[in-house]
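Structural features, examined
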Amino acid sequence: MKTLLAVFLASLAGGALAAPKAESAMECGIAADMAIVARSLAQEEVKPPQAGAIMARIYNVSESARGKELMKDILDAAYRSDGDSSQKFAEELFAACMKDGGNMDTVLGKRL
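Residues numbered from 1 in each chain as written. Predicted model: local features only at pLDDT ≥ 70, side-chain atom pairs only at ≥ 80, totals over all residues. Heavy atoms only, no water.

**Concerning the nonpolar core**
The test is simple: By convention a nonpolar core is built from buried Ala, Val, Leu, Ile, Met, Phe, Trp, Tyr and Cys residues, the set being connected through side-chain atoms within 4.5 Å. Note on exposure labels: buried denotes an accessible area under 20% of the residue type's maximum, exposed denotes more than 50%, and partly exposed covers the range between, all computed with a 1.4 Å probe on protein chains only. Numbering of helices and strands runs from the N terminus; a helix is a DSSP stretch of H or I covering at least four residues, while a strand is a stretch of E covering at least two. Here a residue-residue contact requires only that any non-hydrogen atoms of the pair lie within 4.5 Å.
Counting 27 residues, the largest nonpolar core has Met 55, Ile 74, Phe 89, Leu 93, Met 104 and Leu 108 as its most contacted members. Listing elements by their share of this core, those giving two or more residues are α2 (25-43), α3 (48-59), α4 (65-80), α5 (86-99) and α6 (105-108). A total of seven residues in this core trace back to one element, the largest contributor, which is α2. Look past the residues within four positions of Leu 108 in its chain and what remains in contact with it is Leu 70, Asp 73, Ile 74, Ala 77, Arg 80 and Leu 93.

Put into structure tokens, the structure is as follows:
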């Protein structure tokens with residue numbers, strides 16, 4: 001699992017100016033895993049800064065600007081998601097990611 005996570009985070013390192021986009025089904029799966037954790041933290045009413053610190057430790061995104069950006073986008077969406085279960089939030093993210101070639105904007109929201 002750590003190897004898969006390292007590969008995912010390394011792939012996120014490029015293209016920091018573009019919106020995070022998964023480049024494979026495996027990356028969509030890792031993003032969905034992040035979504036489960038993020039939504040669970042939101043449901044437990046963990047304050048967003050603390051949730052970000054917890055997620056950063058779990059997913060070790062400190063060396064990947066793109067990984068940090070994706071994690072922040074997932075956390076932000078998780079805290080906006082009203083009433084959805086962690087599983088439903090993750091399933092919606094995974095489905096959007098797989099359907100739209102890695103684009104998760106329909107779940108995470110668009111950037112201005």
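Back to the write-up after that little detour.
**Topic: the pattern of salt bridges**
Proximity of charged atoms lets side chains of opposite charge pair with each other. Selection criterion: For this analysis, a salt bridge means a side-chain nitrogen from Lys or Arg found within 4 Å of a carboxyl oxygen belonging to Asp or Glu.
Per the counting criterion, the structure on display carries four salt bridges. A salt bridge links Glu 23 to Arg 66; its shortest N-O distance comes to 3.8 Å. One end of the pair, Glu 23, is in the loop between α1 (2-12) and α2; the other, Arg 66, is in helix α4, with 43 residues separating them in the sequence. Its relative accessible area of 59% is what places Glu 23 among the exposed residues. Put simply, Lys 88 and Asp 84 hold a salt bridge, and the shortest N to O gap is 3.4 Å. The partly exposed category is assigned to Lys 88, whose relative accessible area is 38%. Three or more residues joined by partner-sharing salt bridges are found here, namely Asp 84, Lys 88 and Glu 92.

**Looking at the environment of Ile 54**
Residue position: Ile 54 is located in helix α3. Sequence spacing of Ile 54 and Leu 41 is 13 residues, and the spatial spacing of their C-alpha atoms is 9.1 Å. Discounting chain neighbours no more than four positions away, the residues touching Ile 54 are Leu 41 and Val 46.

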